[in-house]
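# Tertiary structure, described
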Amino acid sequence: MISRKIIYLFLIIVSIFFYILFVGKLSFYILVFIIALPPVLLFIVFLGKLFIKYSLSPDSDTAVKKENMSFSINITNKTIFPFPTAVVKIEYRNKLSADNEIMYISVPIHPCTSQTLTFSLSSEYCGIINAKISGIRLYDYLKIFSLKIKYDSQAEICVIPDVDSCIILDNFKKTHSESSEEFSKNKSGNDSSEIFELKDYVPGDKINRIHWNLSSKQNQLITKHYSLGLETPAAVIADITFNNEVTNLPAVDTALEVLYKLSFSLIENEINYELYIKGFSDTVFISDYYLLNDSYVKLLNKEIDENDSEDFFDNRLYSKSRIFLITNKGYDNYKLPEISAASEMKCFFTDSVATDNVINEADNISIILIEPKKYNNLPDDILFKI
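Residues numbered from 1 in each chain as written. Predicted model: local features only at pLDDT ≥ 70, side-chain atom pairs only at ≥ 80, totals over all residues. Heavy atoms only, no water.

## A word on the overall build of the protein chain
Definition in use: Numbering of helices and strands starts at the N terminus; helices are DSSP runs of H or I of at least 4 residues and strands are runs of E of at least 2. The cut-offs for exposure are 20% and 50% of the maximum accessible area for each residue type, with area from a 1.4 Å probe on protein chains only; residues under the lower value are buried, those over the upper are exposed, and the others partly exposed. Working definition of accessibility: Shrake-Rupley area with a 1.4 Å probe, residue cover restricted to the visible protein chains.
Within the protein chain, the regular secondary structure consists of five helices and 19 strands. Relative to its 386 residues, the protein chain shows a buried fraction of 45%. Total accessible area on the protein chain stands at roughly 20800 Å², and carbon and sulfur atoms take up 52% of it.

Following this line, the structure appears as structure tokens:
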């Protein structure tokens, strides 16, 4: 743009000499036009800075790792002037990393209209991709002047693992309880404290389950089907920490992938579980994908409390038959939570030297080491039956 200014300055000098040497009104008109044009162009660009607005939004809340995720930029021009050249500066990063990437998109802005520009990003790792528009630089028609439109507009997309191949849960017995406060969403049971559904009477239904009040109104027999009370026999412990400056991102990514795939598999098999996140004051009862995604995003955003004591989990695990611990910390000197002799615990360490063999810490405690330098996602040979 500096070279264009130099060329235009040279054009003004030439116009001055032309006005001096050429007798007539034409040279004067040309000189006035050449001198007056830059302020007019600058004024038009200034109007664009005042009356052009933009916003950034994600096309979806989540995206699968290594696949394209789309963002949309909406640009509204309230002026009557078109801008053939506008450069959008976009900064984006994975919130688990300190690295910041920049991309530029050149786009024309049409007058008196709104337009949408779409671009795609992808991530090699799990996390939250934060994208923001650092500004839009407007150029005049001759690219002599430019002004930057700048105000905060950003969007985020949560990156989850590919769950096509999940962890296989083998010999996991579902337990039911008539005293539970949680109920199955897909099956009926014998818990009379909650009605699962109402159906027309069919031969074989118990007489004491007929809903007499409703039957009298409908002029046909209606039976009550009670809910299936569920216990929470499983516990998942996520001891995943990260610091943007020093984090081993592959180790965090692998831990997040194990956590998500294991949790997804439990939900797929209708196994309710409690999620313990190290640093959170409360546990989360997980029974569906929405609760899983909410907890996953909360973990990635590091919305944690100060309660990070070593014994936080110990007094809550004795009633659980299956316990899974996932951490990006090393196996050496790691203090495992205490569990009862009737429980079984599997621990995944994703920042340790990998081994082909599972380490048996005790009869009911198994250690699985995953080397993040070798794998930047969960390898197939870790997807064993658990």
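## Thoughts on the pattern of salt bridges
Which entries qualify depends on this criterion: The salt bridge criterion pairs a side-chain nitrogen of Lys or Arg with a carboxyl oxygen of Asp or Glu, the two atoms within 4 Å.
Here the structure, examined in full by the defined rule, presents nine salt bridges. Of the charged contacts, one joins Asp239 and Lys329 as a salt bridge, the two residues approaching to 3.3 Å between their closest N and O atoms. Placement of the pair is Asp239 in strand S13 (residues 234-239) and Lys329 in the loop between strand S16 (322-327) and strand S17 (344-349), with a sequence separation of 90 residues. Connected through shared salt-bridge partners, Lys65, Asp253, Glu257 and Lys261 make up one network.

## Some thoughts on helix H4 (residues 249-268)
For the record, the criterion: To estimate the expected span of a helix, count its residues, drop one, and scale the result by 1.5 Å.
In this model, H4 (20 residues) spans 28 Å end to end at C-alpha, consistent with the 28 Å of a helix rising 1.5 Å per residue. Across the 20 residues that make up H4, a large majority, 18, are buried. Two residues or fewer after H4 comes Glu270, characterised by a positive phi angle close to 55°.

## Details of the pairing of strand S9 (residues 154-160)
Our working rule: When DSSP locates at least two bridges between a pair of strands, those strands are taken to pair.
In terms of burial, S9 is a largely internal element, five of the seven residues being buried. As judged from the three bridges shared by strand S2 (residues 62-64) and S9, these two strands associate in the parallel manner. Residue pairing across strands places Val64 opposite Ile160, the latter belonging to S9. The sheet contact formed by strand S7 (residues 127-139) and S9 spans six bridges and is antiparallel. The partner of Ile129 across the bridge, within S9, is Ile157.

## A short note on the nonpolar core
Here is a general trend for soluble globular proteins: nonpolar side chains tend to be buried in one another's company. Applied cut-off: For our purposes a nonpolar core is just a set of buried Ala, Val, Leu, Ile, Met, Phe, Trp, Tyr and Cys residues, chained together by side-chain atoms within 4.5 Å. Contact criterion: two residues are considered in contact whenever any of their non-hydrogen atoms come within 4.5 Å of each other.
Core analysis: the largest hydrophobic core is formed by 37 residues, its most contacted members being Val236, Ile240, Leu256, Leu259, Tyr273, Tyr296 and Ile326. At 11 residues, H4 tops the list of elements feeding residues into this core. Those residues within four positions of Tyr296 in sequence are excluded, and the remaining contacts are Cys126, Gly127, Cys158, Val159, Ile160, Pro161, Leu256 and Tyr260. The next biggest cluster of nonpolar side chains, apart from the first, holds 29 residues, and it includes Tyr54, Ala63, Phe83 and Phe119.

## Focus on helix H5 (residues 289-300)
Over its 12 residues, H5 runs 16 Å from end to end, which matches the ideal 16 Å to within 8%, given 1.5 Å per residue. Where H5 is buried, its residues meet S7, S9, H4, strand S14 (273-277) and strand S15 (284-286).

## Side note on the packing of aromatic side chains
We apply this condition: Only rings of Phe, Tyr and Trp enter the pairing, Trp through its six-membered ring, and a pair is recorded when the two centres are within 6.5 Å. The plane angle decides the type: under 30 degrees is stacked, over 60 is edge-to-face, the rest tilted.
For the structure shown, the criterion picks out 10 aromatic pairs. Between Tyr19 and Phe28, the aromatic rings sit 6.0 Å apart at their centres with planes inclined by 50°, giving tilted as the arrangement. For Tyr19, a relative accessible area of 37% gives the class partly exposed. Between Phe71 and Phe119, the aromatic rings sit 5.4 Å apart at their centres with planes inclined by 15°, giving stacked as the arrangement. With a gap of 48 residues between them, Phe71 in strand S3 (residues 69-77) and Phe119 in strand S6 (residues 113-121) connect regions that are remote in the sequence. An identical accessibility class is assigned to Phe71 and Phe119; each is buried. In textbook terms, an aromatic cluster arises when at least three aromatic residues are bridged by ring pairs, as seen for Tyr260, Phe264, Tyr289 and Tyr296.

## Quick look at the pairing of S13
Taking burial as the measure, the six residues of S13 include six buried ones, the bulk of the element. Across the two faces of S13 the burial is the same, with Ala234, Val236 and Ala238 and Ala235, Ile237 and Asp239 all buried. Judged from the five bridges that link them, S13 and S14 form a sheet pairing that is parallel. What sits directly across from Ala234, in S14, is Tyr273. Direction of pairing for S13 relative to S16: parallel, over a ladder of six bridges. The residue of S16 that forms the bridge with Ala234 is Arg322.

## What to know about the confidence of the model for the protein chain
Filter applied, for reference: Per-residue confidence from the predictor is given as pLDDT, running between 0 and 100.
Across the protein chain, pLDDT averages 78, with 72% of residues at or above 70. Per-element confidence in the protein chain is highest for S3, whose mean pLDDT is 95, and lowest for strand S10 (residues 182-189), whose mean pLDDT is 52. Across residues 175-181, where pLDDT falls below 50, the model places 19 contacts with residues more than four positions away in sequence or in other chains. Scored below 50 in pLDDT, residues 380-386 makes 22 contacts in the model with residues more than four places away or belonging to other chains.

## Structural notes on the environment of Thr283
Following the sequence through the fold, Thr283 ends up in the loop between S14 and S15. In this structure Thr283 comes out as partly exposed when scored by relative accessible area, which is 27%. With 47 residues separating them in the primary sequence, Thr283 and Val236 have C-alpha atoms 10.0 Å apart.

## Quick look at the sheet that holds strand S1 (residues 52-58)
The condition is simple: To define axes, lines are fitted to C-alpha atoms, for helices over the stretch in contact only, and angles between the resulting N-to-C directions are given on a 0 to 180 degree scale.
Read from one edge to the other, the open sheet built from three strands follows the order S1-S3-S6, with strand pairing classed as antiparallel. If you trace the sheet from one side to the other, it starts and ends with S1 and S6, each paired once. Direction aside, the axes of adjacent strands within the sheet are offset by 20° on average. Of the strand pairs in this sheet, S1 and S3 are connected by seven bridges, and their pairing is antiparallel. In the strand pairing of S3, Lys53 is matched with Thr76. Helix-sheet contacts for helix H2 (residues 25-51) involve S1 and S3, and the interaxial angle to S1 is about 45°.

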